[in-house]
Amino acid sequence: LKEVPDDRAAGMLMASLHSSGGKKKEAVETLEAILDQTPDFVPAQKELAAILALDPDRKDDALEWAESVRRALPDDLENTQTRGILALQDDPDAAVLLLERVDKSDGLSPVGILHLGKAYLATDQKDKAAGALRRAIDTGLSEDLAKQAEEALEQALTEPAEAGE
């Protein structure tokens with residue numbers, strides 16, 4: 001990207017490699033550089049929204065990019081997953097709806113399955129939460145996300161369910 005600064009394909013590949021290697025900061029910087037040059041490049045917007053959705057300090061930025069992608073690609077399942085993850089904190093019911101929509105098409109990533117489990121937990125659907133969290137753990141989450149899933153699963157199994165579940 002330094003030699004050919006406008007090579008979006010190379011930039012996207014670099015961002016993907018950084019992200020999969022756990023170098024989220026470098027992935028974000030690469031994607032932001034691409035978007036500085038081509039602000040309407042939807043693949044970079046989508047990838048940036050997905051990465052930032054997992055960073056509570058950048059939630060507003062993630063929402064902005066995810067909304068931009070939604071306008072361009074309203075039926076994109078990866079972005080629907082990102083929007084579901086972002087909805088979890090403020091509107092767990094909406095998170096459940098968005099993440100279940102993606103799950104029905106077998107499109108949820110392990111991170112999406114984890115967040116579906118957390119959304120079920122936040123809406124007092126303990127049995128569904130336990131099932132989703134077990135699935136997330138079985139899909140091979142990173143160490144820190146697996147720990148989050150195990151903690152949420154313990155909460156789902158030890159807290160009494162609300163009446164009517």
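Residues numbered from 1 in each chain as written. Predicted model: local features only at pLDDT ≥ 70, side-chain atom pairs only at ≥ 80, totals over all residues. Heavy atoms only, no water.

Provide a residue-level description of helix α6 (residues 92-104), including the pertinent values.
Between its first and last C-alpha, α6 extends 18 Å over 13 residues, near the 18 Å set by a 1.5 Å rise per residue. Within the sequence span of α6, burial applies to A95, V96, L98, L99, E100, V102 and D103. Its buried side turned inward, α6 meets α5 (77-87), α7 (110-122) and α8 (126-138). Downstream of α6 by a residue or two, D106 has a phi angle that is positive, lying close to 60°. (Helix = DSSP H or I, 4+ residues; strand = E, 2+ residues; numbered from the N terminus. Expected span 1.5 Å × (residues − 1). Buried < 20%, exposed > 50% of the residue type's maximum accessible area, 1.4 Å probe, protein only. Contact = heavy atoms within 4.5 Å.)

Residues and numbers for the pattern of salt bridges, please.
This structure, assessed with the given rule, holds 11 salt bridges. The salt bridge partner of K25 is E29, with a shortest N-O separation of 3.8 Å. Placement of both K25 and E29 in helix α2 (residues 24-37) is noted, with a separation of 4 residues, approximately one turn of the helix. K25 gets classed as exposed once you look at its relative accessible area, which sits at 60%. A salt bridge links D76 to K46; the shortest N-O distance between them is 3.0 Å. Of this pair, D76 sits in the loop between α4 (59-72) and α5 while K46 sits in helix α3 (residues 42-52); the two residues are 30 residues apart in sequence, bridging distant segments of the chain. Through salt bridges with shared partners, a single ionic network connects E32, R58 and D61. (Salt bridge = Lys/Arg side-chain N within 4 Å of Asp/Glu carboxyl O.)

Lay out the environment of G21 with the relevant residues and their values.
Turning to its location among the elements, G21 is positioned in the loop between α1 (8-20) and α2. Separated by 34 residues in sequence, G21 and D55 have C-alpha atoms that sit 17 Å apart.

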